[in-house]
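For reference, the chains in residue letters:
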Amino acid sequence: MTKSSTQDSNQARIPLSVLVSSSTFKKLVELSEEQGLTRRAMLNRILNHAVPKTTFNQVSKDFKYKGTKGDKQINYMINSSAWYKLESFKANAGKSKARIVQSLINNYQPTKV
């Protein structure tokens, strides 16, 4: 694998551990290979670019955890900005981090340069 960007390596990292489907994990691997990034760096990119900016105006107290059963564990130290964006989106969307991450990876379209 290649090195991730210097911006990614200069930020504090927070652990993220979620279960996703094997097809989602396969897509993450394919995206990282296409972009020449580590899987962790690719996940950081997806979270930083695909998570919409939210405010804490509408905070849902009920989270939907039931869904498709994940069979691949993702354990990465993601940068703090990606973590806080995900945490904020989770609070507003009322979905678990695993559901959000799986949806973001499945729907991510890399930008053409």
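Residues numbered from 1 in each chain as written. Predicted model: local features only at pLDDT ≥ 70, side-chain atom pairs only at ≥ 80, totals over all residues. Heavy atoms only, no water.

1. Overview of the environment of Lys 85
Along the chain, Lys 85 turns up in helix 4 (residues 80-93). Residues contacting Lys 85, with those up to four places away along its chain left out, are Leu 47, Asn 48 and Val 51. (Helix = DSSP H or I, 4+ residues; strand = E, 2+ residues; numbered from the N terminus. Contact = heavy atoms within 4.5 Å.)

2. What to know about the side chain of Asn 79
Turning to its location among the elements, Asn 79 is positioned in strand 2 (residues 72-79). When its relative accessible area of 3% is taken as the criterion, Asn 79 is described as buried. A polar side-chain atom of Asn 79 sits 3.0 Å from a polar atom in the side chain of Ser 81. (Buried < 20%, exposed > 50% of the residue type's maximum accessible area, 1.4 Å probe, protein only. Polar contact = N/O pair within 3.5 Å; in protein donor to acceptor, adjacent residues only side chain to side chain.)

3. Considering the environment of Thr 38
Within the fold, Thr 38 resides in the loop between helix 2 (22-35) and helix 3 (39-50). Sequence separation between Thr 38 and Leu 28 is 10 residues; the distance between their C-alpha atoms is 9.8 Å. Reaching out from Thr 38, the side chain makes a polar contact with the backbone nitrogen of Ala 41 at a distance of 3.1 Å.

4. Regarding helix 4
Here helix 4 spans 20 Å end to end across 14 residues, near enough to the 20 Å set by a 1.5 Å rise per residue. Every buried residue of helix 4 is listed here: Ala 82, Trp 83, Leu 86, Ser 88, Lys 90, Ala 91 and Asn 92. Where helix 4 is buried, its residues contact strand 1 (13-20), helix 3, strand 2 and helix 5 (97-107). In the stretch just after helix 4, Gly 94 is the one whose phi turns positive, near 75 degrees. (Expected span 1.5 Å × (residues − 1).)

5. Focus on the nonpolar core
Considering soluble globular proteins, one finds that nonpolar side chains tend to be buried as a cluster. Core analysis: the largest hydrophobic core is formed by 26 residues, its most contacted members being Leu 16, Leu 43, Leu 47 and Ile 74. Counting only elements with at least two residues in this core, the list comes to strand 1, helix 2, helix 3, strand 2, helix 4 and helix 5. Sorting elements by how many residues they give to this core places helix 3 first, with 5 residues. Residues within four places of Leu 16 in sequence aside, it is in contact with Leu 43, Leu 47, Ile 74, Asn 75, Tyr 76, Ile 78, Trp 83, Leu 86, Lys 97 and Val 101. (Core = buried A, V, L, I, M, F, W, Y, C linked by side-chain atoms within 4.5 Å.)

6. Quick notes on the confidence of the model for the protein chain
On average, residues of the protein chain score 82 in pLDDT, and 76% of them are at 70 or above. When pLDDT is averaged over each helix and strand of the protein chain, the minimum, 49, is found for helix 1 (residues 6-9) and the maximum, 96, for helix 2. (pLDDT = per-residue confidence, 0-100.)

7. Thoughts on the packing of helix 2 against helix 3
The contact between helix 2 and helix 3 brings their axes to 9 Å, and the two run at 100 degrees. Relative to helix 3, helix 2 is oriented roughly perpendicular. Residues Phe 25, Leu 28, Val 29, Leu 31, Ser 32 and Gln 35 of helix 2 form the contact with helix 3, whose participating residues are Arg 39, Met 42, Leu 43, Arg 45 and Ile 46. Partitioning the contact of helix 2 with helix 3 into residue classes produces 7 nonpolar, 2 polar and 2 charged. (Axes fitted to C-alpha atoms, helices over the stretch in contact; angles between N-to-C directions. Parallel < 35°, antiparallel > 145°, perpendicular 65-115°, else oblique. Nonpolar A, V, L, I, M, F, W, Y, C, P; charged D, E, K, R; others polar.)

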